[in-house]
Amino acid sequence: MLAATGPTLSGKLTGPEWLQVDPEAKQAFCRKAFQTFRASPAQSYIISSNVQALTPEGLCQRLDQFYQYAINDEIPINQAANIAPLLFSDLPLEQP
């Protein structure tokens, strides 16, 4: 289990670690992952309005959704950050 004061999340961690990390560490990871997601060449091909409206907070929501399914537990966070926004693009983001 990761401590609330632990180091920045590594993209190599998997679902069980993600689910145990404190919200501030999750948000820090999502801000960095969001910047990478928006800078990717594939971004220009995404037509879903839910993906276009994604925010760092929304990315964290998508990762939480992704890791609710045990089949995804072993997928590293850096890969999940690429998959989750597209996988759940048909679901509206929850408002904080």
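Procedures and definitions
- Residues numbered from 1 in each chain as written.
- Predicted model: local features only at pLDDT ≥ 70, side-chain atom pairs only at ≥ 80, totals over all residues.
- Heavy atoms only, no water.
- Core = buried A, V, L, I, M, F, W, Y, C linked by side-chain atoms within 4.5 Å.
- Buried < 20%, exposed > 50% of the residue type's maximum accessible area, 1.4 Å probe, protein only.
- Helix = DSSP H or I, 4+ residues; strand = E, 2+ residues; numbered from the N terminus.
- Contact = heavy atoms within 4.5 Å.
- Axes fitted to C-alpha atoms, helices over the stretch in contact; angles between N-to-C directions.
- Parallel < 35°, antiparallel > 145°, perpendicular 65-115°, else oblique.
- Nonpolar A, V, L, I, M, F, W, Y, C, P; charged D, E, K, R; others polar.
- pLDDT = per-residue confidence, 0-100.
- Phe/Tyr/Trp six-rings, centres within 6.5 Å; stacked < 30°, edge-to-face > 60°.

### A few points about the nonpolar core
Point 1. Residues Trp18, Phe29, Cys30, Leu59, Leu63, Phe66 and Tyr67 are the most contacted members of the largest nonpolar core, which totals 21 residues.
Point 2. For this core, the element with the most residues is helix H2 (residues 23-39), which contributes six residues.
Point 3. If we ignore the near neighbours within four places in the chain, the residues touching leucine 63 are Trp18, Phe29, Cys30, Ile77, Ala80, Ala81 and Ala84.

### Some details on the packing of helix H4 (residues 56-66) against helix H5 (residues 77-87)
Each packed pair of helices is defined by two parameters, the angle between the axes and the distance between the axes.
Point 1. Two elements in contact, H4 and H5, have axes whose closest approach is 8 Å; the angle formed by their N-to-C orientations is 100°. One element, H4, and the other, H5, form an angle in the roughly perpendicular class. Seen from H4, the contacting residues are Leu59, Arg62, Leu63 and Phe66; seen from H5, they are Ile77, Ala80, Ala81, Ile83, Ala84, Pro85 and Leu87.
Point 2. Each residue belonging to the contact of H4 with H5 can be placed in one class, and the counts come to 10 nonpolar, no polar and one charged.

### Considering the confidence of the model for the protein
Point 1. When pLDDT is averaged along the protein, the result is 81; 78% of the residues meet or exceed 70.
Point 2. In this model, residues 1-7 is a region of pLDDT below 50 whose contacts with residues beyond four sequence positions or in other chains number eight contacts.

### Considerations on the packing of aromatic side chains
Point 1. This structure, assessed with the given rule, holds three aromatic pairs.
Point 2. Centre to centre, the rings of tryptophan 18 and phenylalanine 29 are 5.9 Å apart; their planes meet at 70°, and the pair counts as edge-to-face. Of this pair, tryptophan 18 sits in helix H1 (residues 15-20) while phenylalanine 29 sits in helix H2, and the two are 11 residues apart along the sequence. We note that tryptophan 18, like phenylalanine 29, is buried.
Point 3. Relative to tyrosine 67, the ring of phenylalanine 66 lies with its centre 5.2 Å away and its plane at 80°, an arrangement referred to as edge-to-face. Side by side, phenylalanine 66 and tyrosine 67 carry an identical accessibility label, which is buried.

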